[in-house]
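# A closer look at the structure
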Number of protein chains: 2
Amino acid sequence: MTTINKLDVEHGSIVMKLLGDKTRLSIVCLLMHDECCVCELVEILQMSQPSISQHVKKLKAAEIVKERRQGQWIFYRINTDSQVYPLIESITSFFPEQQEKIIDLEKKGLRVCCD
Amino acid sequence: MTTINKLDVEHGSIVMKLLGDKTRLSIVCLLMHDECCVCELVEILQMSQPSISQHVKKLKAAEIVKERRQGQWIFYRINTDSQVYPLIESITSFFPEQQEKIIDLEKKGLRVCCD
DNA sequence: CAATTATATAATCAATTGTTTATATAAAGA
DNA sequence: TCTTTATATAAACAATTGATTATATAATTG
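These figures come from a predicted structure and were not determined experimentally.

### Quick look at the overall build of chain A
If you tally the helices and strands in chain A, you get six helices and three strands. The order of α-helices and β-strands along chain A, N terminus first, is α-α-β-α-α-β-β-α-α. Radius of gyration (C-alpha) of chain A: 14 Å, near the 13 Å computed for a compact globule of 115 residues. Expressed along its principal axes, the backbone C-alpha trace of chain A runs to roughly 45 × 30 × 25 Å. Of all 115 residues assigned to chain A, the portion counted as buried reaches 44%. Sequence separation of at least 24 residues holds for 64% of the intrachain contacts in chain A that already meet a minimum separation of 6. When the accessible surface of chain A is summed, it comes to about 6300 Å², and 49% of that surface belongs to carbon and sulfur atoms. Taking the average location of the 15 positive side-chain charges in chain A and that of its 16 negative ones, the two points are 5 Å from each other.

Okay, structure coming up:
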């Protein structure tokens with residue numbers, strides 16, 4: 001049994017505003033499945049690299065995502081430790097699975113893998 | 001057992017942007033408990049009447065709220081028939097109950113009642 | 001170490017947003 | 001019908017936002 005931790009409206013509206021952008025909402029939905037690096041997001045969302053970087057920067061500033069550098073790449077993932085994670089999880093559950101976009105990326109050989 | 005109807009990101013981000021404003025998020029949280037007229041929202045949120053009217057207009061345009069005229073007053077309430085209502089309900093559940101603000105209004109004798 | 005690849009950052013700019021002030025509409029009451 | 005009360009709307013404006021272009025940083029590879 002989980003008790004929901006209430007958020008204040010001030011903080012919540014900031015998070016909601018961040019998700020109130022088509023690109024960022026897509027990024028967050030995508031990252032719910034898998035971590036992705038910037039170039040993968042660029043390919044999937046068909047947007048410029050600086051634009052994607054600016055969006056993930058905002059998500060990072062709000063602690064919605066975390067980053068992890070691996071070689072040349074910087075991988076972004078959902079910050080499940082965040083106070084707003086339950087809200088994020090709840091919101092993204094209303095949107096369609098984005099997995100097929102990552103699968104398409106693999107098919108095109110554009111998936112970044114570092115082992 | 002309820003099956004969640006998925007929303008598309010395009011539509012969802014518009015709704016999220018509307019809730020990404022402190023005033024509108026507060027209004028929606030308040031209306032989850034009770035319908036309110038504009039002058040009650042003005043009093044509770046301590047904002048100008050035109051400002052509140054502009055905000056509820058946007059919420060109405062997105063079909064998040066409905067209006068009902070009663071005499072001089074126009075009461076706004078959550079549109080529970082909307083396709084995005086489950087999302088609204090889910091999001092608002094993360095924020096504190098706003099009931100005490102309506103109770104305070106009653107104590108001050110500022111609650112609008114038409115019978 | 002020079003070239004390449006991935007990402008970040010900064011400057012610029014058009015578009016959007018939220019508030020205020022002023023005015024219009026519409027119902028109620030004297 | 002004139003006044004009051006409640007609400008809507010329009011115009012103006014400052015602030016914020018998101019995209020683009022150009023440049024910087026940082027790791028990799030030859």
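### Topic: the UniProt feature "domain: HTH arsR-type" (unreviewed entry) in chain A
Look at the UniProt record and you will see "domain: HTH arsR-type" (unreviewed entry) annotated at residues 4-99 of chain A. Helix and strand shares over residues 4-99 of chain A are 53% and 15% respectively, and the end C-alpha atoms of the span are 28 Å apart.

### Some points on the state of the cysteines
Residues and elements named next belong to chain A. Taken as a whole, this structure holds zero disulfides over all chains when the rule is applied. Looking at C36, it has no disulfide partner, and the nearest cysteine sulfur is the one in C37, 7.1 Å off. Taking the relative accessible area as the measure of exposure, C36 reaches 0% and is therefore buried. A disulfide-free cysteine, C39 has its sulfur positioned 3.3 Å from the sulfur of C37, the nearest such atom. Under the relative-accessibility criterion, C39 is labelled partly exposed at 38%.

### What about the pairing of strand β2 (residues 65-70) of chain B?
Residues and elements named next belong to chain B. Both β2 and strand β3 (residues 73-78) contribute to a ladder of six bridges, which runs antiparallel. Following the sheet pairing, V65 is matched in β3 by I78. Once β2 ends, the chain turns through two residues before running back antiparallel as β3, passing G71 with a positive phi of about 65°.

### Re the environment of I52(B)
Residue and element names in this part refer to chain B. On the secondary structure map, I52 appears in helix α4 (residues 49-61). Once the C-alpha coordinates of I52 and I27 are considered, the two residues, 25 residues apart in sequence, prove to be 9.0 Å apart. Each residue touching I52, except ones within four places of it in the same chain, is listed here: T23, I27, V38, L41, V42, L45 and M47.

### A short note on the protein's contact with DNA strand C
Neighbouring DNA strand C are 27 residues, the closest being C39(A), S53(A), Y76(A), H55(B) and K58(B). Within 4 Å of the protein, the atoms of DNA strand C are drawn from sugar and phosphate moieties in a proportion of 66%. Here C39(A) contributes a backbone N or O atom positioned 2.7 Å from a phosphate oxygen of DNA strand C. One of the backbone N or O atoms of I74(A) is found 3.3 Å from a phosphate oxygen in DNA strand C. Contributing elements (two or more residues each) for the surface near DNA strand C: α3 (38-45), α4 (49-61) and β3 (73-78) of chain A together with α2 (22-31) and α4 of chain B. Looking at the surface near DNA strand C residue by residue, the class counts come to nine nonpolar, eleven polar and seven charged.

### Description of the interface of chain B and chain A
Listed as interface residues are 27 residues of chain B and, on the opposing side, 26 residues of chain A. Carbon and sulfur atoms supply 70% of the area buried between chain B and chain A, which totals about 2300 Å² over both sides. When the area that chain B buries against chain A is broken down by residue, the three leading residues are V9(B), M16(B) and F94(B), summing to 30%. Where chain B touches chain A, the interface holds two salt bridges. Of all the secondary-structure elements, those providing two or more residues to the side of chain B that touches chain A are α1 (9-19), α2 and α5 (85-92) of chain B.

### So, the relation of the copies chain B and chain A
Superposing chain B onto chain A takes a rotation of 180° plus a shift of 0.0 Å along the axis, which leaves an RMSD of 0.0 Å. A rotation of that kind, with that shift, is consistent with a two-fold axis.

### Digging into the sheet that holds β3(B)
Strand pairing in a sheet relies on backbone hydrogen bonds. The paired strands run either parallel or antiparallel. All names here are of chain B. Strand order in the open sheet made by the three strands is β1-β3-β2, with antiparallel pairing throughout. In the strand order of this sheet, the two ends are held by β1 (36-37) and β2, each with one partner. Both β1 and β3 contribute to a ladder of two bridges, which runs antiparallel. Across the sheet, residue C36 finds its bridge partner in β3, namely Y76.

Rules of the game
- Residues numbered from 1 in each chain as written.
- Chains lettered and ligands numbered in written order.
- Predicted model: local features only at pLDDT ≥ 70, side-chain atom pairs only at ≥ 80, totals over all residues.
- Heavy atoms only, no water.
- Helix = DSSP H or I, 4+ residues; strand = E, 2+ residues; numbered from the N terminus.
- Rg over C-alpha atoms; globule rule 2.2 N^0.38 Å.
- Buried < 20%, exposed > 50% of the residue type's maximum accessible area, 1.4 Å probe, protein only.
- Contact = heavy atoms within 4.5 Å.
- Areas by Shrake-Rupley, 256 points an atom, 1.4 Å probe, with all protein chains shown as cover.
- Lys, Arg positive; Asp, Glu negative; His and termini not counted.
- Charge placed at Lys NZ, Arg CZ, Asp CG, Glu CD.
- UniProt positions renumbered as here; feature names shortened; annotations may be inferred.
- Disulfide = S-S within 2.5 Å.
- Pairing = 2+ DSSP bridges.
- Near = heavy atom within 4 Å.
- Polar contact = N/O pair within 3.5 Å; in protein donor to acceptor, adjacent residues only side chain to side chain.
- Nonpolar A, V, L, I, M, F, W, Y, C, P; charged D, E, K, R; others polar.
- Buried area = accessible area lost by both parts, 1.4 Å probe.
- Salt bridge = Lys/Arg side-chain N within 4 Å of Asp/Glu carboxyl O.
- Least-squares fit on C-alpha atoms with pLDDT ≥ 70 in both.

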